[in-house]
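These are the residues of each chain, in order.
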Amino acid sequence: MAAQWRMCVAGLALMATSVGLWARESPPQTPTTPSQTARSPVRANLDRYCIGCHNSKAKAGGLALDALDATDVAGDAVAWEKVVRKLRGRMMPPAGVPRPDEATYDAIVSSLETSLDREAAARPNPGRTDTFHRLNRTEYHNAIRDILALDVDVSALLPKDDASHGFDNVSNGELSPTLIERYLAAAQKVSRAAVGSPLSSPASHVVVLPSDLTQEDHLEGLPLGTRGGAVVRHTFPLDGTYEIQIRLSRDRNENVEGLTDSQDVELTIDGTRVQVFPVKPNRNQSGAYYADEAVDRHLKVRMSVTAGPHDVGVTFPRKTFALEETERQPALAHFNMDRHPRVQIALYSVSITGPFEAGVATDTPSRRRIFVCVPATVAAEDACAKRIVSTLARRAFRRAVTDADLEAPLRFYKEARAEGGFEAGVEMAVRAVLASTEFLLRIERDPPNVAPHTPYRVSDVELASRLSFFLWSSVPDEELLNLAIAGRLHQPSILDRQVRRMLADPRAEALVTNFAGQWLYLRNLAAVSPDARQFPDFDDNLRQSFRRETELFFESIVKEDRNVLDLLRADYTFVNERLARHYGIANVYGSRFRRVALGANSERGGILGHGSVLTVTSYANRTSPVLRGKWILENIVGSPPPPPLPNVPPLKDTDAQGRVLSMRERMVQHRSNPACASCHQLMDPAGLSMENFDAIGRWRARTEAGTAVDASGGLPDGSTFSGASGLRSALLRRPQLFVGTLTEKLMTYGLGRGVEPYDAPTVRTIVRNAQSQNYRFSSLVLGIVGSDAFQMRVSP
Amino acid sequence: MIVGKNALPRRTFLRGMGTALALPLLDAMVPVLSARAQDVAASVRRLGFVYIPMGMNASAWIPATEGRLTELSPSLLSLTPVLDHITVVTNLELRNAYTTGNHASSNCAFLSCSRAKRTEGSDYELGTTVDQIAARAIGRDTPIPSLEIGTDLIAQVGNCDNGYACAYQNNLSWSSPTTPLPTEADPRVLFERLFGDGGSPERRKAELKKSGSILDWMTADMARLRRELGAGDRVRVDQYLDSVREVERRIQRAERSDASALPDLDRPASVPAVWEDHVKLMFDLQVLALQADTTRVITFQLARETSTRTYPHIGVPEPHHPVSHHTNDPEKLVKLAKINAHHVSLFASFVEKLAATPDGDGSLLDHTLYLLGSGMGNPDIHDHSNLPIIVAGGRGAGRTGGRHIRFEKPTPLANLHLALLDKVGVHLDQFVDSTGRVSDLEPLSV
């Protein structure tokens, strides 16, 4: 008996063999709850299905349902919310033991939810966001872009951010000495670049292209009639002379790859041709080896460029097809000298060094933004400086500024002005603003004299920042700020209009790149490098195409305000020729991405058929049903598997007779080991249903091992199906699960805190209201923005 | 000594970004810096830690014999040229790493020996790590008290342990129980932190002065903020103020230090495409930082826990994490041993460089101790006992050849940390769960 209770705790109940034990073992029939006398239907079902493991004695998962009162959920709302979550996802009771029928499940869930929601409505708990939110990399980049019209390489300025609850804007209130150093250095560099101050010495900026970028064909964003190459957007700090140097890609013997015939290299600035360099092969006498050392040495030019952002382009004019065809090879990727060598020369890097003989920075977007006035006389300088600093500080501090706010930056202005002139003074003031806690930290302050543990409405100015960092990952703009300062932003009609305006604004791209990039793990694509032997067609072009497809797709949901279920079931996607060939879609030519209609029930419909998602949930050399299953449970179903137990016992190498077990036998043991199986039986089936997609998202009929794909799978709710389309249908049967998960993810990201059990009533309300609006994307966003969780906060 | 900016050919880094990237830098700079190193007092002691994720294949790692080593085990063979400076320690354990997030805790308990509080909120809590305790003492006089280095440029999503903030899995070093120190993986950024971003010494001094005055104001700004907030939030601001004061001290040291007169070296242009080149470059920068006495404490996370990096060129096209769950499959065990040997070999070439770099009355290695290891023993079962641990460096008085110290009973890793702290002159009675100190390191000095 004792052994069996232990098994409950370990989740052994999942095993078929334990069913018999369950049947024999009658659970305690005498719960000691207050509700015992008037047993509600909920209580009766809990007693029947759950209490065998979840009682005060066994306490499986730390839950004792006999000690909870089902008629008064308020007392233990957190525990009851967990029960609801497990039941709604049909995670419990585990498969293999008696489970209620669907109607009973729904009745229990609905009854508990109704009680919980009633309690929550009576005593709303908006939760307490952290007081401090440090601007993370993305937010810092966007803030600088919006305040100073400057596009900075933030990865060189700030360390990478740690994520919590799946997002890197959660729980990031710490400021280690390292971070302070980096923010200080960033303030210095950014203020210098924005004002355009003289530099001590020429600086070098080198852009190295991904080594696995195929450059045989036209690349998106480059002029037609060219192939390969790159366009580099570079902010030139000052008017002056710069040296631009081009290097060609070399193999490991330091020879230029693909240099079999002469070829031109074209350098452009802002689309205008600067120079065309011929590159000629330079065979030595024997003809067996290239003497390539100096072959690209002449690919450089010194030229004068004005300060500000310019597009530096390096391309190869396309040669005639006839010539190219002679060298064509079957693989799509060409970057590896052994397996799929380059046919033509390729760009390795572009370096921009300067300025030599520097002038000043005359007219740049940043200077136009900063210098809202230009003092005509020395006497006018101080007043102008004050205007400049107060304009910037207002945007940077995201609120109305006071004279006290300006005092320190203006003091810095005066000191530096005395030493180096007006512009040096302004630069120092900008630097001080960027080093201010009011800029670097988003701070939410409790109102004075607020009683403890009391919900209160955040100020309109704080609400403006919550909104802009949610939808734009950046600072509020003037319109938002003006409404907030006027104290009108919280008015529902105004708030509604602002949300819709912000969603339509180009800055809402942050929801695609930043939110979806993290929710769907698109960010991890950069670190993916599939095994080159198994996947000779994989190159950076494909990696970028994967990302682009999913970004364009998510953007279409946001911009067209579509039903978010389309994320799972859309009959369209976005491809270019490369991706279309990968997917087996005919008649798509060229590097440009375009929307293509897919047939109904196409395996590519929705994110579950996207190469991006399928690749980031695979290993380099094979698919992983475990990773895919875990991804689906966490990000689509919203029921992450429980964490593995500490100190999993080792598997046995030998059986009772001392015979060494085979690999297969050990794997069976792994699945039957309760500590492993309790999670893996939840995760693996969902992932197994996607086995028709290989590790880089191609459709396949056979596995890596050569056996026929068995794509039968299931979900924790006990549903079984086959293939990705089966999975899709199963997920769409109960759309609230997916919509609820997406709502929780958006809320986590929007609030910058984890979604807690007390938020569950809010999420349910949002999903319910969204249902009547066809689950439009905006209905989720408006639901979140309109919630107490977003507009209020609890005092400590 | 001051070296003009033309002492080295410009863009040393920019020319061959291929495989031969790392060495030219170091070779070019050694003559420059070794001259400087002569000025450094011989008593300078340095401490470093290198983290390898997901344990080891013990059978290929643990030397067959104990005591004095004449021969190294297969995974450690690459250390043979520096065998004299190597101590292999086995049967150490991390009891506080047994959690429901074993990958997170392997990483974060390695230097803290502490149990991570299970949370994804901002209330994460661990313990101050051993490197930071050392840095408070021996890092006091260098411009940078400690360096935290990694090789992962982007923070990946979704591969941190359930319920544990990513901070635990990403950061080895914690300057307080609530302050993880971010790692730097971009060699260019690291270089700029070490040697500045150019300009004359005068200009750098002027810059430091400006940073100092901005910091003064930051302090005042935070003091104002502190007054505006409630008691609970003030605790956070107090932490910020501690950080600001620490940065102030660093700037003051940098102003005093010779380091502000460092040569105007060329900066690495970008991150090498090949991971091994990246690692070598990060190791080379450690040699430079130690040699220039810019810092005396370094932690280096060679790879993250749950890394899925593949190593096809050494015969492991499978990802590291699944290989580490070897289920005693002989084929996977061989591959895990290959990964271990590969990681150790990268460390071995670094140790060789330290040995070849003159410093004071001996080599840089004589005055440096590095611990290489993992917070996991057998990765298949996520255990934290019998950890792979190697100590390299120092001088053995009357000692010839490396050693293998094997404990009879599982012994806290903290005991070794205490001994290492002793070696660099930091004497603690206790470190978290220590039960004594590894006294067998006795002949060793730095």
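Every chain is numbered on its own, with residues counted from 1 as its sequence reads. Just so you know, chain letters begin at A and ligand numbers begin at 1, following the order they were written in. Local features in this predicted model are restricted to residues of pLDDT 70 or higher, and side-chain atom pairs are both shown and tallied only at a pLDDT of 80 or more, whereas totals for entire chains, interfaces and linings draw on every residue. Think of the side-chain values as coming from all heavy atoms in the structure, minus any hydrogens and water.

In terms of helices and strands, chain A carries 29 helices and 16 strands. Summary of the burial criterion: residues with accessible area below 20% of their type's maximum are buried, those above 50% are exposed, and those between are partly exposed, where the area comes from a 1.4 Å probe applied to protein chains only. Of all 796 residues assigned to chain A, the portion counted as buried reaches 58%. Pairs of residues are marked as contacts when any of their non-hydrogen atoms sit within 4.5 Å. Taking contacts inside chain A between residues at least 6 apart in sequence as the whole, the part at least 24 apart equals 71%. Here chain A displays about 32000 Å² of accessible surface, and carbon together with sulfur accounts for 54% of that area. Only runs of H or I of at least four residues qualify as helices and only runs of E of at least two qualify as strands under DSSP, and these elements are numbered from the N terminus. Each accessible area value is a Shrake-Rupley result obtained with a 1.4 Å probe; residue values ignore everything except the protein chains displayed when judging cover.

It is worth spelling out the side chain of Asp131 of chain B at this point. Residue and element names in this part refer to chain B. For Asp131, the position within the fold is in helix α5 (residues 130-138). This buried residue, Asp131, is left without a salt bridge; Arg136 holds the nearest opposite charge, at 9.6 Å. For the purposes of these results, a polar contact is taken to be a pair of N or O atoms within 3.5 Å, where, inside protein, one atom must be able to donate a hydrogen and its partner to accept one; residues adjacent in sequence count only when each atom of the pair is a side-chain atom. In terms of polar contacts, Asp131 uses its side chain to reach the side chain of Gln132, at 2.9 Å. Leave out the neighbours within four places in its chain, and Asp131 touches Phe49, Leu111, Glu148, Ser173, Val297 and Thr299. Charge counting treats Lys and Arg as positive and Asp and Glu as negative, with His and both chain ends excluded. One speaks of a salt bridge when a side-chain nitrogen belonging to Lys or Arg is within 4 Å of a carboxyl oxygen belonging to Asp or Glu.

This part covers the interface of chain B and chain A. At the junction of the two partners, chain B supplies 81 residues and chain A supplies 87 residues. Interface of chain B and chain A: buried area, both sides summed, is about 7200 Å²; carbon and sulfur atoms make up 55% of it. One can count eight salt bridges joining chain B with chain A. Residue Arg182 of chain A pairs with Glu184 of chain B through a salt bridge whose shortest N-O separation is 2.7 Å. One can count 27 residue pairs in polar contact (both at pLDDT 80 or more) joining chain B with chain A. Of all the secondary structure elements, the ones that give two or more residues to the side of chain B that touches chain A are α1 (12-15), α6 (166-170), β6 (179-180), α7 (187-195), α8 (201-228), α9 (231-256), β9 (316-319) and α11 (320-324) of chain B. With 14 residues, the single largest contributor to the side of chain B that touches chain A is α8 of chain B. Two parts placed together each lose some accessible area under a 1.4 Å probe, and the buried area is that loss summed for both.

Residues and elements named next belong to chain A. If you walk across this open sheet you meet the four strands as β2-β9-β4-β7, and the pairing is antiparallel. Since the sheet does not close on itself, it has two edges, and those belong to β2 (203-208) and β7 (300-305), each with one partner. Taken pair by pair, the neighbouring strands of this sheet meet at an average axis angle of 20 degrees, ignoring direction. As paired elements, β2 and strand β9 (residues 347-356) share six bridges and run antiparallel to each other. Looking at β9, one finds that His205 is bridged to Ile352. In short, DSSP must find at least two bridges between two strands for them to pair. Throughout, an axis means a line fitted to C-alpha atoms (over the contacting stretch in the case of helices), and angles, computed between N-to-C directions, take values from 0 to 180 degrees.

Disulfide: a pair of cysteine sulfur atoms within 2.5 Å of each other. Counted by the stated rule, this structure contains two disulfides over all chains. In this model Cys373 of chain A forms its disulfide with Cys384 of chain A; the gap between the sulfur atoms is 2.1 Å. As the torsion about the S-S bond is roughly 105 degrees, the Cys373 of chain A-Cys384 of chain A disulfide counts as right-handed. Of this pair, Cys373 of chain A sits in the loop between α9 (365-370) and α10 (381-397) while Cys384 of chain A sits in helix α10, and the two are 11 residues apart along the sequence. For Cys373 of chain A, a relative accessible area of 12% puts it in the buried group. Two residues, Cys160 of chain B and Cys166 of chain B, share a disulfide whose sulfurs are 2.1 Å apart. For the disulfide bridge between Cys160 of chain B and Cys166 of chain B, the dihedral angle about the S-S bond is near 115 degrees, and by the sign convention the bridge is right-handed. With respect to class, Cys160 of chain B is no different from Cys166 of chain B; both count as buried. Free of any disulfide, Cys50 of chain A has its nearest neighbouring cysteine sulfur in Cys53 of chain A, separated by 9.6 Å. By relative accessible area, Cys50 of chain A is classed as buried at 14%.

This brings us to the sheet that holds strand β7 (residues 297-301) of chain B. As a general point, the strands of a sheet are linked pairwise by backbone hydrogen bonds and lie either parallel or antiparallel. All names here are of chain B. The sheet built from eight strands is open, its strands ordered β2-β15-β3-β13-β12-β1-β7-β4 with mixed pairing. Unpaired on one side and paired on the other, β2 (67-68) and β4 (147-150) mark the two borders of the sheet. Both strand β1 (residues 46-51) and β7 contribute to a ladder of five bridges, which runs parallel. Bridge pairing links Gly48 to Ile298 in β7.

Turning our attention to the confidence of the model for chain A. Of the residues in chain A, 89% reach a pLDDT of 70 or more, and the chain-wide mean stands at 87. Taken as a whole, residues 1-37 of chain A scores under 50 in pLDDT and shows 55 contacts with residues more than four places along the chain or in a different chain. As a per-residue quantity, pLDDT reports the predictor's confidence and falls between 0 and 100.

Let's shift gears to the side chain of Ser105 of chain B. All names here are of chain B. With respect to the element layout, Ser105 can be found in helix α4 (residues 102-112). Reaching out from Ser105, the side chain makes a polar contact with the backbone oxygen of Asn102 at a distance of 3.5 Å. Residues within four places of Ser105 in sequence aside, it is in contact with Ala97, Thr99, Phe110 and His384.

Time to look at the packing of helix α14 (residues 460-471) of chain A against helix α16 (residues 492-504) of chain A. All names here are of chain A. Relative to each other, α14 and α16 sit at 30 degrees, their axes nearing to 10 Å. Relative to α16, α14 is oriented roughly parallel. The crossing of α14 and α16 is right-handed. Side by side, α14 and α16 meet where Leu463, Leu467, Ser468 and Leu471 of the first sit next to Leu495, Val499, Met502 and Leu503 of the second. For the contact of α14 with α16, the per-class residue count stands at seven nonpolar, one polar and no charged. Here the word oblique covers every angle except those under 35 degrees (roughly parallel), over 145 (roughly antiparallel) and from 65 to 115 (roughly perpendicular). Put simply, a crossing is left-handed when the front helix is turned counterclockwise from the back one by less than a right angle, and right-handed when it is turned clockwise. Under the grouping applied here, Gly and all other residues not named as nonpolar or charged are polar, the nonpolar ones being Ala, Val, Leu, Ile, Met, Phe, Trp, Tyr, Cys and Pro and the charged ones Asp, Glu, Lys and Arg.

Here we come to the packing of α10 of chain A against helix α11 (residues 403-420) of chain A. Residues and elements named next belong to chain A. Closest axis-to-axis distance for the α10/α11 pair is 10 Å, and the angle between their directions is 130 degrees. If you check the angle between α10 and α11, you find them oblique. Relative to α11, α10 is oriented so that their crossing is right-handed. The residues of α11 that touch α10, namely those facing Glu381, Asp382, Ala385, Lys386, Val389, Ser390, Ala393 and Phe397, are Asp403, Asp405, Leu406, Pro409, Leu410, Tyr413, Lys414 and Arg417.

Take the packing of aromatic side chains next. Pairing of aromatic rings covers Phe, Tyr and Trp, the last counted by its six-membered ring, and requires centre-to-centre distances within 6.5 Å; plane angles under 30 degrees mean stacked, over 60 mean edge-to-face, and any other angle means tilted. With the rule as written, the count across this model stands at 34 aromatic pairs over all chains. On the numbers, 6.2 Å between centres and 45 degrees between planes, the contact of Phe347 of chain B with Phe350 of chain B is tilted. You can see Phe347 of chain B and its partner Phe350 of chain B sitting in helix α12 (residues 330-356), three residues apart, about one turn around the helix. Each member of the pair Phe347 of chain B and Phe350 of chain B is classed as buried. Ring geometry for Phe347 of chain B versus Tyr370 of chain B: centroids 6.3 Å apart, planes at 50 degrees, classification tilted. Of the two residues, Phe347 of chain B is situated in helix α12 and Tyr370 of chain B in strand β12 (residues 368-373); the sequence distance between them amounts to 23 residues. In terms of burial, Phe347 of chain B and Tyr370 of chain B fall into one category: buried. Aromatic ring contacts, followed pair by pair, group Phe167, Phe470, Phe515, Trp519, Phe554, Phe738, Tyr749, Phe777 and Phe790 of chain A into a single cluster. Consider the ring centre and the ring normal. A charge sits over the ring if Lys NZ or Arg CZ is within 6 Å of that centre and within 35 degrees of that normal. A cation over an aromatic ring shows up here: Arg442 of chain A above the ring of Phe469 of chain A, its NZ or CZ 4.2 Å from the ring centre. Directly above the aromatic system of Tyr572 of chain A lies the positively charged group of Arg595 of chain A, at a separation of 3.9 Å from the ring centroid.

It is worth spelling out the nonpolar core at this point. Nonpolar side chains in soluble globular proteins tend to end up buried together. All names here are of chain A. The biggest cluster of nonpolar side chains holds 99 residues, and the ones touching the most others in it are Leu467, Phe470, Leu471, Leu489, Phe515 and Phe777. Per element, the largest residue contribution to this core is eight residues, and it comes from helix α26 (residues 735-751). Setting aside residues no more than four positions away along its own chain, Phe470 makes contact with Leu511, Leu746, Tyr749, Gly750, Val781, Ile784, Val785 and Phe790. By convention a nonpolar core is built from buried Ala, Val, Leu, Ile, Met, Phe, Trp, Tyr and Cys residues, the set being connected through side-chain atoms within 4.5 Å. In terms of nonpolar packing, the next biggest core, distinct from the first, is built from 69 residues, Ile144, Val195, Ala429 and Phe469 among them.

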